[in-house]
Amino acid sequence: MKIFTALYDWALRWSQKKHAPYYLALMSFVESIFWPIPVDVMLAPMALTRPQKAWRFALIATFFSVAGAVIGYYLGRYFYDLLTPAINAVGYQSEMQMVQGWFTKWGVWIVFIAGFSPIPYKVFTISAGLLQMLFWPFIVASLIGRGMRFFLVAGLMKWGGKKMEEKLRQYIDWLGWIVVIGAVIAILVFR
């Protein structure tokens, strides 16, 4: 089943549009609050098709992701009770409880890890506010974690160039299914 090839082609088309940096900014912002699709889906093809702007795209993704994280933080801090039905509706309640335990155990480090990893970052932004984590350490950990992730993605695409695009295209469906299977296993193991 070549589902991911079609998604990859769609992302490549969107990455070449004139307003792609604005789409990237919007996607980065909302992904830190509620959007389920990772920013990398837009960032990687943009850096691949326009490698001379790869660092600029990584900076846009980082800045707007952290700006969205601030909104997530304040939603968790002041409006968690109002958000609870929505969190339950999308099935994130057990993840929220698990993340709260991680905050207790690892503190600010968990924000850095979540910012860098493919774990749903929005759960951590809202939890940081709910648990009233100190704001500035939250921002610094978010900037470092998200920045490292987005600059790594942009750098790999810039460095790999056309050869990486060909290899990525060749194996995109395998990679996509591996990520889906990995996510399902992670959910089953950590529940």
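Above this text sits the structure in question.
We now turn to the structure provided with this report. Here the structure is a predicted model, which means the values were calculated and not measured.

**Re the overall build of the protein**
Counting its secondary structure elements, the protein contains eight helices and zero strands. Taken from the N to the C terminus, the helices and strands of the protein come in the order α-α-α-α-α-α-α-α. For 191 residues, the compact-globule estimate of 2.2 N^0.38 gives 16 Å, and the protein sits close to it at 17 Å. Expressed as lengths along the three principal axes of its C-alpha atoms, the size of the protein is roughly 45 × 35 × 25 Å. A burial count over the protein gives 41% of its 191 residues as buried.

**Observations regarding the packing of helix H1 (residues 3–15) against helix H3 (residues 40–49)**
The geometry of H1 relative to H3 is characterised by a closest axis approach of 8 Å and an angle of 60 degrees between their N-to-C directions. For the element pair H1 / H3, the angle class is oblique. H1 and H3 meet at a crossing whose hand is right-handed. Within the contact between the two elements, H1 uses Tyr 8, Ala 11, Leu 12, Trp 14 and Ser 15 and H3 uses Val 41, Met 42, Pro 45, Met 46, Leu 48 and Thr 49. Each residue belonging to the contact of H1 with H3 can be placed in one class, and the counts come to nine nonpolar, two polar and no charged.

**Structural notes on the nonpolar core**
Core analysis: the largest hydrophobic core is formed by 24 residues, its most contacted members being Leu 24 and Leu 43. Here the element with the most residues in this core is H3; it accounts for six residues. Judged by nonpolar contacts, the second largest core, of 21 residues, contains Val 66, Tyr 80, Met 96 and Ala 128.

**Points about the packing of aromatic side chains**
Applying the stated criterion across every chain, the model contains 12 aromatic pairs. Ring geometry for Tyr 74 against Tyr 78: centres 5.9 Å apart, planes inclined by 5 degrees, an arrangement best described as stacked. Remark: Tyr 78 and Tyr 74 occur in helix H4 (residues 54–89); sequence separation between them is four residues, near one turn of the helix. Overall, the relative accessible area of 34% leaves Tyr 74 in the partly exposed class. Overall, the relative accessible area of 54% leaves Tyr 78 in the exposed class.

**A closer look at the side chain of Asp 40**
Examined against the element boundaries, Asp 40 turns out to sit in helix H3. A residue is classified by how much of its surface remains accessible, and Asp 40, at 16% relative accessible area, is buried. Residues contacting Asp 40, with those up to four places away along its chain left out, are Pro 45, Arg 149, Phe 150 and Val 153.

**Some points on helix H2 (residues 20–31)**
Between its first and last C-alpha atoms H2 spans 16 Å; for 12 residues at 1.5 Å apiece the expected length is 16 Å, and the two agree. When H2 is considered as a whole, its buried residues turn out to be Ala 20, Pro 21, Leu 24, Ala 25, Met 27, Ser 28, Val 30 and Glu 31.

**Considerations on the pattern of salt bridges**
Applying the stated criterion to the full structure yields three salt bridges. In this structure, Glu 31 and Arg 146 form a salt bridge, with 2.5 Å as the shortest nitrogen-oxygen distance. Note that Glu 31 is positioned in helix H2 and Arg 146 in helix H8 (residues 135–190), a separation of 115 residues in sequence. Exposure remark for Arg 146: the relative accessible area of 1% places this residue in the buried category. Residue Asp 40 pairs with Arg 149 through a salt bridge whose shortest N-O separation is 2.5 Å. Taken together, the residues span a long stretch of sequence, with Asp 40 in helix H3 and Arg 149 in helix H8 at a distance of 109 residues. Exposure class is identical for Asp 40 and Arg 149. Each is buried.

Cut-offs used in this document
Residues numbered from 1 in each chain as written. Predicted model: local features only at pLDDT ≥ 70, side-chain atom pairs only at ≥ 80, totals over all residues. Heavy atoms only, no water. Helix = DSSP H or I, 4+ residues; strand = E, 2+ residues; numbered from the N terminus. Rg over C-alpha atoms; globule rule 2.2 N^0.38 Å. Buried < 20%, exposed > 50% of the residue type's maximum accessible area, 1.4 Å probe, protein only. Axes fitted to C-alpha atoms, helices over the stretch in contact; angles between N-to-C directions. Parallel < 35°, antiparallel > 145°, perpendicular 65-115°, else oblique. Left-handed = near helix turned anticlockwise from the far one by under 90°. Contact = heavy atoms within 4.5 Å. Nonpolar A, V, L, I, M, F, W, Y, C, P; charged D, E, K, R; others polar. Core = buried A, V, L, I, M, F, W, Y, C linked by side-chain atoms within 4.5 Å. Phe/Tyr/Trp six-rings, centres within 6.5 Å; stacked < 30°, edge-to-face > 60°. Expected span 1.5 Å × (residues − 1). Salt bridge = Lys/Arg side-chain N within 4 Å of Asp/Glu carboxyl O.

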